[in-house]
Each structure stands twice: as C-alpha cells, then as structure tokens.
Amino acid sequence: MPRRLARRGLLVAALALLAACQSPNPQAERISQMTTRGVVLTVNFDLNSYAIRPDAREVLEPLAQALADPVLEGFTYDVNGHTDSTGRLGRNMALSDLRAASVVDFLAERGVDRQRMRPQGFGPLQPLTPATPRAAANRRVEVFAVPPAR
C-alpha cells in the first residue's frame, strides 16, 4: 500500500511540474501582443562601468526567460547602450557599445539566441533626461522588442 501512495504522489508531482512548465510566461505573453517596436526593459549602470549590477540581474533574469519563450520566436531585439555626457565622446561611444554587449552576453548565457539580438551604442547622444545630461538615469541599456513583419 505505501508504494502505491508513493507512486501516486510522484505522478501528481510530475503532472504539477509539467503544468508549471507549460504555463504561459506573463512577460512573454505581454511582449507577444506588441505590434510595433517598443521598450521592454531598461537597466542602469554605474559611472564608467559596463558591469551588470545586482539590481539589473533581478530584472534581466525574468526577461531572459521571457525572450527565450517559443511564443516570441519571430521577435528580434534591439539592445541599445547609452551613457551620460561625462567624459569624451569617443570613450562614451565605446562604453555604450560595451554596455549593450554585456546585456546581450547576459541574455545569451541564459538561452536567448544571439542572432535575434542587435547590440548598438549611442553614447550620450540620446539622453533620457536632456535637461541634465550628466544624470545617472542616462547611463542605461534599453531592450526593444521588434515584432515580426506581418
């Protein structure tokens, strides 16, 4: 009798696990409804750094799960790096490229196909807060979802 209960318990657990694996990812579902290019995530960086901060990891992990979801198979992603206006333009352009690349690396390590991501750097040329170009809010990477052509 105890063996039957153990098997039944394993079967119930397996079915629950299967159902959890097949349940839709809410972020993937939200992105799949997009019909035009749009921002799905913004992460910020420390001054003169392209290292992913711990607070950014917490939002990038679920994004990676969503972007790897089969429901988003036809989507591509623009990964745009930005800096504030502190320092020289050439250094900021390179830093923004490195920031975009670090986000692409993070997402790719978690199963998102690199071929579907396009990293690019804009340096300080597209500030989020133009009135304060040296503000920390300008040191960011924005991930845009690009829906498939219909």
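The structure we're discussing is the one just above.
Residues numbered from 1 in each chain as written. Predicted model: local features only at pLDDT ≥ 70, side-chain atom pairs only at ≥ 80, totals over all residues. Heavy atoms only, no water.

## Quick word on the overall build of the chain
Working step 1: In terms of helices and strands, the chain carries four helices and four strands.
Working step 2: Ordered by position from the N terminus, the helices and strands of the chain form the series α-α-β-α-β-α-β-β.
Working step 3: Within the chain, the proportion of its 150 residues that are buried is 37%.
Working step 4: Taking as baseline every contact in the chain between residues at least 6 positions apart, the subset at least 24 positions apart corresponds to 77%.
Working step 5: Working note: accessible area of the chain is about 8900 Å², and carbon and sulfur atoms make up 58% of it. (Helix = DSSP H or I, 4+ residues; strand = E, 2+ residues; numbered from the N terminus. Buried < 20%, exposed > 50% of the residue type's maximum accessible area, 1.4 Å probe, protein only. Contact = heavy atoms within 4.5 Å. Areas by Shrake-Rupley, 256 points an atom, 1.4 Å probe, with all protein chains shown as cover.)

## Let's talk about helix H3 (residues 54–67)
Working step 1: Helix length check: H3, at 14 residues, gives a terminal C-alpha distance of 20 Å against a target of 20 Å (1.5 Å per residue), a fit within 8%.
Working step 2: At Leu 60, H3 shows its strongest bend, of approximately 25 degrees, with the proline Pro 62 following within four residues.
Working step 3: Within the span of H3, buried status applies to Ala 56, Leu 60, Leu 63, Ala 64, Ala 66 and Leu 67.
Working step 4: On its buried face, H3 sits against helix H2 (26–32), strand S1 (38–44), strand S2 (76–81), helix H4 (89–109) and strand S4 (140–146). (Expected span 1.5 Å × (residues − 1). Bend = angle between axes of the 7 residues up to and from the residue.)

## Concerning the environment of Thr 36
Working step 1: Relative to the helices and strands, Thr 36 resides in the loop between H2 and S1.
Working step 2: Taking the C-alpha atoms as reference, Thr 36 lies 9.6 Å from Ala 149; in sequence the two are 113 residues apart.

## Thoughts on the pairing of strand S3 (residues 117–121)
Working step 1: Relative to S3, S2 runs parallel, the two being bridged by five bridges. Across the sheet, Val 79 pairs through a bridge with Pro 119, a residue of S3.
Working step 2: As for the winding sense of the linkage, the β-α-β connection from S2 through H4 to S3 is right-handed. (Pairing = 2+ DSSP bridges. Right-handed = clockwise from strand over helix to strand, strands pointing away.)

## A word on the sheet that holds S3
Working step 1: Here we have four strands laid out as an open sheet, ordered S1-S4-S2-S3, and mixed in their pairing. Of all the strands in the sheet, the pair left with one neighbour each is S1 and S3. Looking at each pair of strands side by side, their axes are set apart by 20 degrees on average, direction ignored.
Working step 2: Pairing of S1 with S4, which is carried by six bridges, proceeds in the antiparallel orientation. By the bridge assignment for S4, Thr 42 is matched with Glu 142.
Working step 3: Against the sheet, H3 touches S1, S2 and S4, its axis set at about 150 degrees to S1. (Axes fitted to C-alpha atoms, helices over the stretch in contact; angles between N-to-C directions.)

## Topic: H4
Working step 1: Over its 21 residues, H4 extends 30 Å from the first C-alpha to the last, a length consistent with the 30 Å expected when each residue adds 1.5 Å.
Working step 2: Taken residue by residue, H4 has Asn 92, Leu 95, Ser 96, Arg 99, Ala 100, Ser 102, Val 103, Val 104, Phe 106, Leu 107 and Ala 108 as its buried positions.
Working step 3: In the stretch just after H4, Gly 111 is the one whose phi turns positive, near 105 degrees.

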